[in-house]
Amino acid sequence: FSGIFSCADVSKGKDSPDVYNLGLSHLGTDRENTFVFEDALYALSTAKSAGFKTVGVRDSSEACQAELRKIADYYITDYESAIELFK
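Calculation notes
- Residues numbered from 1 in each chain as written.
- Predicted model: local features only at pLDDT ≥ 70, side-chain atom pairs only at ≥ 80, totals over all residues.
- Heavy atoms only, no water.
- Buried < 20%, exposed > 50% of the residue type's maximum accessible area, 1.4 Å probe, protein only.
- Helix = DSSP H or I, 4+ residues; strand = E, 2+ residues; numbered from the N terminus.
- Pairing = 2+ DSSP bridges.
- Right-handed = clockwise from strand over helix to strand, strands pointing away.
- Salt bridge = Lys/Arg side-chain N within 4 Å of Asp/Glu carboxyl O.

### Re the pairing of strand 2 (residues 53-57)
For step 1, the next point in the chain: Taken across its five residues, strand 2 has four buried, putting it largely inside the fold.
For step 2, the next point in the chain: As paired elements, strand 1 (residues 35-38) and strand 2 share four bridges and run parallel to each other. Residue pairing for strand 2: Glu 38 is matched across the bridge by Gly 56.
For step 3, the next point in the chain: For the segment spanning strand 1, helix 3 (residues 41-49) and strand 2, crossover handedness is right-handed.
For step 4, the next point in the chain: For strand 2 and strand 3 (residues 74-76), the ladder comprises three bridges, and the chain directions are parallel. Within strand 3, the residue paired with Val 55 across the bridge is Tyr 74.
For step 5, the next point in the chain: In this region the chain leaves strand 2, passes through helix 4 (residues 65-71) and returns to the parallel neighbour strand 3; the handedness of that crossover is right-handed.

If you want it as structure tokens, here you go:
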């Protein structure tokens, strides 16, 4: 990793796109080609609304897996499947 960012860095939760925008600024990539991996529906929705490509990550503690899968651009059940996805 070239950087790790948290909500504490922007003093806002993931209901705001600020933490994703901070990562985007660090990477220097185009928003449309920057992927956000999230396991929480509300956080994935925030990133999607902000124009990022989204990857839903299966997490049994997220009750809304069907919705997460539906709105995500991609959906994975583990990070090994992400490697296959982006080959």
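We are not done yet, so read on.
### Overview of the pattern of salt bridges
For step 1, the next point in the chain: Evaluated as defined, the whole model comprises three salt bridges.
For step 2, the next point in the chain: Residue Glu 38 is joined to Lys 14 by a salt bridge in which the shortest nitrogen-to-oxygen separation is 2.9 Å. Note that Glu 38 is positioned in strand 1 and Lys 14 in the loop between helix 1 (7-10) and helix 2 (18-27), a separation of 24 residues in sequence.
For step 3, the next point in the chain: Residues Asp 73 and Lys 48 are paired through a salt bridge, measuring 2.7 Å at the closest nitrogen-oxygen approach. Pair noted here: Asp 73 is in the loop between helix 4 and strand 3 and Lys 48 is in helix 3, with a separation of 25 residues, a long-range link.
For step 4, the next point in the chain: Since its relative accessible area comes to 32%, Asp 73 is described here as partly exposed.
For step 5, the next point in the chain: Owing to a relative accessible area of 32%, Lys 48 belongs among the partly exposed residues under this scheme.

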